[in-house]
Amino acid sequence: MFTFKTIAELVDLATQKQLPLSEIVWRWETERSGETPDIIWEKMRLRLDAIKESAYAGIQEKNKTFNNLVGGDAYRTNQQTYLLGPTAKKALVYALAVSEVNANMGKIVACPTAGSCGIVPGALLAAAEQLGCSDEVLVRALFTAAGIGAVIAQNASVSGAVGGCQAECGSAAAMAAGAVVEMLGGAPEQSAHAMALALKNTLGLVCDPVAGLVEVPCVKRNGFIAVHSLVGAEMALSGVESAIPVDEVIDAMYRIGLALPASLRETAEAGLAKTPTAVAITEKLLKPVLVCCVFLFQWV
Amino acid sequence: MGVFDIVGPIMIGPSSSHTAGAARLGKLARTILGEEPAAATIILYGSFARTYRGHGTDKALIGGLLNYAADNPLIKQSYNLAQEAGIAIVFQPSDREVAHPNTVEFQLRGKSGKTSVITGMSIGGGQIIVSQIDGFPVELTGDYPSLITIHMDTPGVIANVTHTLAEAGINIAQMKVSRQLRGADALMILETDQAIPTPVIDVIRAMTAIKIAMAIPPL
């Protein structure tokens with residue numbers, strides 16, 4: 001049986017069977033769903049296709065979103081490199097690209113959520129390009145990421161409304177960091193350390209989106225955290241260990257989430273969402289709605 | 001909780017609850033109506049009422065009523081496409097307090113004149129629950145093949161229906177029965193592991209106590 005409730009159990013299974021984390025997660029889903037391994041693989045490959053499509057489309061898009069708050073930053077950032085190395089740069093650009101496609105009502109893969117959908121694609125696609133990996137390696141990496149996310153969702157939460165942004169973008173960072181370690185041939189325990197390191201460094205991150213929309217600060221934060229997850233992988237691959245085991249970090253994240261006031265959990269009632277500029281943006285965005293409703297009412 | 005709940009769904013952005021869930025609610029509402037809508041009044045509550053425009057919740061709800069899945073890029077143009085299809089749509093944001101923050105009520109009239117009032121909630125990650133159909137409390141997720149019946153509240157009806165399903169080798173995953181008054185009409189919702197073939201629905205529909213029997217495929 002390939003079941004696991006914690007990252008420790010997942011790592012133990014992988015070590016015992018001498019299989020990569022991705023293989024354990026793939027077999028777990030196969031057993032759980034009653035489908036054939038090929039069908040499960042194919043479903044994940046379809047998601048990889050959709051992820052790539054969104055990343056490549058997002059880089060080309062120069063325009064703002066229909067709310068006029070974000071957009072065109074993946075394109076802008078991709079024009080010239082000033083400081084970052086190629087992997088970090090690509091992670092930033094792809095993460096911005098996917099998040100902008102999401103904000104613009106394009107097709108994306110929630111990973112684990114729509115608000116955090118750029119982080120895993122950014123980190124994984126950047127690592128794959130740098131390493132010259134095949135699609136097979138990327139599909140495997142998505143299984144690893146999904147297994148990590150499933151443990152977090154079961155033992156804590158991946159919802160901003162429950163745990164703040166740390167539950168969405170923090171979880172995505174852990175998923176990306178753990179998966180990238182495996183892509184580079186790291187051991188399962190190293191993946192676990194990468195997850196712990198990446199998640200620890202997002203603890204306390206609140207969800208205070210301007211006008212309640214998945215745009216500010218979400219899109220740019222996806223860019224930041226994709227790079228952040230690579231830092232976790234780089235440290236773990238170098239042998240850096242997290243003093244706190246990842247399952248305890250996940251538990252801490254959950255408890256911090258519960259301790260956050262509701263105003264900082266996706267309700268747009270505090271933080272950035274209540275800055276004077278954000279309040280002005282919110283009022284501006286709400287105004288046309290009333291006009292539109294009245295118009296529709298008369299028209300119908 | 002499986003891997004595709006984490007890496008997935010494939011969806012039109014920007015929000016799994018406010019966009020993908022909204023599209024699924026619209027599609028399920030249309031399926032329950034059972035025909036193409038001619039007019040829809042859509043009442044929005046809670047967070048839906050406050051942020052529906054910025055999240056494209058309105059476009060997603062309309063897209064669902066046009067029978068689009070949550071990953072259909074046409075959702076973005078659904079206002080125009082609904083107009084072309086001759087569907088009149090009105091949105092009414094409400095500030096009435098509701099149990100769940102992302103709640104919507106569809107008041108639908110179909111092309112044949114048939115009407116239906118359907119209430120649903122988007123509960124996160126694109127998951128939904130339809131909680132009320134024409135005044136009857138229900139729980140319909142759209143994740144399973146489902147059977148809805150409106151029948152006379154008399155003994156043996158439920159047994160007859162479940163027996164018919166059992167004979168066809170159909171396993172029931174969840175079921176809920178509700179009624180408005182004792183001895184009046186009752187509503188039953190069954191979510192099943194297998195699809196319910198038309199001949200089986202026909203047998204159930206032919207039962208004397210059954211007024212309406214409807215098969216709802218999973219979204």
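Source: prediction; values computed, not measured. (Residues numbered from 1 in each chain as written. Chains lettered and ligands numbered in written order. Predicted model: local features only at pLDDT ≥ 70, side-chain atom pairs only at ≥ 80, totals over all residues.)

Q: Hey, could you run me through the overall build of chain B in this one?
A: Scanning chain B from terminus to terminus reveals seven helices and eleven strands. For 219 residues, the compact-globule estimate of 2.2 N^0.38 gives 17 Å, and the C-alpha radius of gyration of chain B, at 17 Å, lies within 12% of that figure. Across its three principal axes, chain B shows a C-alpha extent of roughly 50 × 40 × 35 Å. When each of the 219 residues of chain B is scored for burial, the buried share is 47%. Once local pairs closer than 6 in sequence are excluded, the contacts in chain B between residues at least 24 apart make up 69%. (Helix = DSSP H or I, 4+ residues; strand = E, 2+ residues; numbered from the N terminus. Rg over C-alpha atoms; globule rule 2.2 N^0.38 Å. Buried ≥ 20, exposed ≤ 12 C-beta atoms within 10 Å, placed from the backbone. Contact = placed C-beta atoms within 7 Å.)

Q: Mind showing me how you'd approach the overall build of chain A here?
A: For chain A, the count of helices and strands is 13 helices and one strand. Listed N to C, the secondary structure of chain A is α-α-α-α-α-β-α-α-α-α-α-α-α-α in terms of helices and strands. For 300 residues, the compact-globule estimate of 2.2 N^0.38 gives 19 Å, and chain A sits close to it at 19 Å. Along the first, second and third principal axes, the C-alpha set of chain A runs to 65 × 45 × 40 Å.

Q: For this particular structure, what's the right way to read the packing of helix α6 (residues 119–131) of chain A against helix α11 (residues 218–237) of chain A?
A: Geometry of a packed helix pair, given as the angle between the helix axes and the separation of the axes. Residues and elements named next belong to chain A. Relative to each other, α6 and α11 sit at 50°, their axes nearing to 8 Å. What the angle tells us is that α6 and α11 run oblique. The element α6 and its partner α11 pack so that their crossing is right-handed. Between α6 and α11, the contacting residues are Ile-119, Gly-122 and Ala-123 on the first element and Asn-222, Ile-225, Ala-226, Ser-229 and Leu-230 on the second. (Axes fitted to C-alpha atoms, helices over the stretch in contact; angles between N-to-C directions. Parallel < 35°, antiparallel > 145°, perpendicular 65-115°, else oblique. Left-handed = near helix turned anticlockwise from the far one by under 90°.)

Q: Teacher, can you tell me more about the interface of chain A and chain B here?
A: A common way to report how large an interface is uses the accessible area buried once the components associate. Each partner contributes to the interface: chain A provides 42 residues, whereas chain B provides 29 residues. Those elements that place two or more of their residues in the side of chain A that touches chain B are α2 (21–33), α3 (37–60), α5 (86–103), β1 (107–109), α7 (135–155) and α13 (276–299) of chain A. It is α7 of chain A that contributes the most residues to the side of chain A that touches chain B, nine residues altogether. Residue composition of the side of chain A that touches chain B, grouped by class: 27 nonpolar, ten polar and five charged. Pairing between β1 of chain A and strand β1 (residues 10–12) of chain B: three bridges, direction antiparallel. The residue bridging Val-109 of chain A from the neighbouring strand is Ile-10 of chain B, located in β1 of chain B. (Nonpolar A, V, L, I, M, F, W, Y, C, P; charged D, E, K, R; others polar. Pairing = 2+ DSSP bridges.)

Q: Would you mind going over the packing of α3 of chain A against α5 of chain A with me for this structure?
A: Residues and elements named next belong to chain A. Across the interface, α3 lies against α5 with an axial gap of 7 Å and an inter-helix angle of 90°. Compared by their axis directions, α3 and α5 come out roughly perpendicular. From α3, Ser-54, Ala-55, Ala-57, Gly-58 and Ile-59 reach across to α5, where they touch Val-93, Tyr-94, Ala-97, Val-98, Glu-100 and Val-101. In terms of residue class, the contact of α3 with α5 is made up of eight nonpolar, two polar and one charged.

Q: Sorry, what's going on with the confidence of the model for chain B here?
A: Caution applies to low-pLDDT parts of the model: their predicted coordinates are not meant to be read in detail. Summary statistics for chain B give a mean pLDDT of 94 and a share of 100% for residues scoring 70 or more. Predicted complex, confidence summary: ipTM 0.94, pTM 0.90. (pLDDT = per-residue confidence, 0-100.)

Q: What exactly am I supposed to notice about the sheet that holds strand β8 (residues 146–152) of chain B here?
A: The strands that make up a sheet are held in pairs by hydrogen bonds between backbone atoms, and each pair lies either parallel or antiparallel. Residues and elements named next belong to chain B. In space, the four strands of this open sheet follow the order β9-β10-β8-β11, with antiparallel pairing throughout. Two strands bound the open sheet, and with one partner strand each, they are β9 (172–179) and β11 (210–216). With strand direction ignored, the average angle separating the axes of adjacent strands in the sheet is 10°. Bridging between β9 and strand β10 (residues 185–192) involves seven bridges; their strand directions are antiparallel. Its bridge partner lying in β10, Gln-174 is registered against Glu-191.

Q: Could you clarify how one ought to interpret the nonpolar core in this entry?
A: Note that soluble globular proteins tend to have their nonpolar side chains buried in a common cluster. Grouped together as the largest cluster of nonpolar side chains are 158 residues, with contacts concentrated most on Ala-123, Ala-176, Ala-177, Val-180 and Met-195 of chain A. Take this core: its biggest share by element is 13 residues, from helix α9 (residues 165–183) of chain A. (Core = buried A, V, L, I, M, F, W, Y, C linked by C-beta atoms within 7 Å.)

Q: Any chance you could explain the sheet that holds strand β6 (residues 127–133) of chain B here in plain terms?
A: All names here are of chain B. Ordered by their spatial adjacency, six strands build an open sheet running β3-β2-β4-β5-β6-β7, and the pairing between neighbours is mixed. Bordering the open sheet on either side are β3 (88–93) and β7 (136–140), each of which pairs with just one other strand. Averaged over neighbouring strand pairs, the angle between their axes works out to 20° when direction is ignored. Across the sheet, helix α2 (residues 16–33) lies against β2 (37–45), β4 (102–110), β5 (115–124), β6 and β7, angled at about 155° from β5, the strand it touches most. Across the face of the sheet, helix α4 (residues 57–65) comes into contact with β2, β3 and β4 while running at roughly 145° to β2.

Q: What am I meant to see in helix α12 (residues 246–259) of chain A here?
A: In an α-helix, one turn spans 3.6 residues, which is why side chains three or four residues apart end up on the same side. All names here are of chain A. The end-to-end C-alpha distance of α12, which contains 14 residues, comes to 20 Å, matching closely the 20 Å that a straight helix rising 1.5 Å per residue would cover. Within the sequence span of α12, burial applies to Val-246, Asp-247, Val-249, Ile-250, Met-253 and Gly-257. Buried residues in α12, looked at end-on, bunch into an arc of 160°, giving them a common side. Across α12 from its buried face, at more than 90 degrees, point the exposed residues Arg-255 and Ala-259. (Expected span 1.5 Å × (residues − 1). Arc of directions from axis to C-beta.)

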